[in-house]
Amino acid sequence: MASGDPSMTTRKLSRTDRTRIALLAAGMVVGGLLGLVIARTENLDALIDSLAWSDHLAAFLAFSFLSMGLIMIFASFSPKLAARMVDPGATGPARPGQASFLRTQAAVLGLAGAMMAIPVLASVAYRGEVPTVIGSVAMMGIVAAFLAQTAGNLALWRQADELMRKSLAETGSVCFWILQGLLFLWAAAEKLGLAPALSSWDMMSVLMAFYLVVSSLIAMRRGLA
């Protein structure tokens, strides 16, 4: 007698399934917070106008990352479109590995967008005074997303070809050296009373915006976009 129905046997989640779950979780969190913002805010336009410039930048980055992630996840299910997104010079359909690579990129971008959106949405929903319980729950979600994104980035590095790895390394190097120099100059000017103080959120928003611009320019220069 069989020990159990094979159809009921637990199977390991595929990378595609994990990507869908990660994007679904990120979308649920961001969507839930967005709904909370709308429900709790009487004068949404005035509140948005009162946000700091870094919050506007972070919101724009979150929208950009989430949009790119959605585009990639939909493109990954079209063999021809997926092949062109991974390799603009491709003429044939994407190989299974290329579609998987694109979905991992989509998950990484979606998680990045969620991490940028959550603090802004929570702050807007509670008018800058986020309750400790809500803040703790949001922070746990951000930490979980960060760990998942780190795993995704490591997976991308392992799957990437030599050209892609050079692009990733070049992007990291350019961002590190230029931002390090700019940060020092700003910190010195701030200490001398010549520049306004920046919060860590201000600096993170600038860093992510700079990374997005640099990575896009390097990708275009190397023919990857």
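The coordinates are above.
This structure is a prediction, so every number in the text was calculated from the model and none was measured.

The rules we used
Residues numbered from 1 in each chain as written. Predicted model: local features only at pLDDT ≥ 70, side-chain atom pairs only at ≥ 80, totals over all residues. Heavy atoms only, no water. Helix = DSSP H or I, 4+ residues; strand = E, 2+ residues; numbered from the N terminus. Expected span 1.5 Å × (residues − 1). Buried < 20%, exposed > 50% of the residue type's maximum accessible area, 1.4 Å probe, protein only. Polar contact = N/O pair within 3.5 Å; in protein donor to acceptor, adjacent residues only side chain to side chain. Contact = heavy atoms within 4.5 Å.

### Some words on helix H3 (residues 53–75)
Quick reminder: α-helices carry 3.6 residues per turn. Residues three or four places apart thus point the same way. Taking 1.5 Å of rise per residue, 23 residues should cover 33 Å, and H3 covers 33 Å from first to last C-alpha, within 8% of that figure. All buried positions along H3 are accounted for by Ser-54, Asp-55, Ala-58, Leu-61, Ala-62, Ser-64, Phe-65, Gly-69, Met-72, Ile-73 and Ala-75.

### With respect to helix H5 (residues 96–125)
Look at H5: 42 Å from first C-alpha to last across 30 residues, which is about the 44 Å you get at 1.5 Å a residue. With respect to burial, H5 is a largely interior element, 26 of its 30 residues being buried. Among the residues trailing H5, Arg-127 stands out with phi positive, at a value near 50 degrees.

### Some details on the side chain of Ser-54
With respect to the helices and strands, Ser-54 occurs in helix H3. Separated by 2.5 Å, the side chains of Ser-54 and Asp-202 make a polar contact. Apart from the residues within four sequence positions on either side, Ser-54 is in contact with Trp-201, Asp-202 and Ser-205.

Keep in mind that these numbers describe shape and distance, not what the molecule does.
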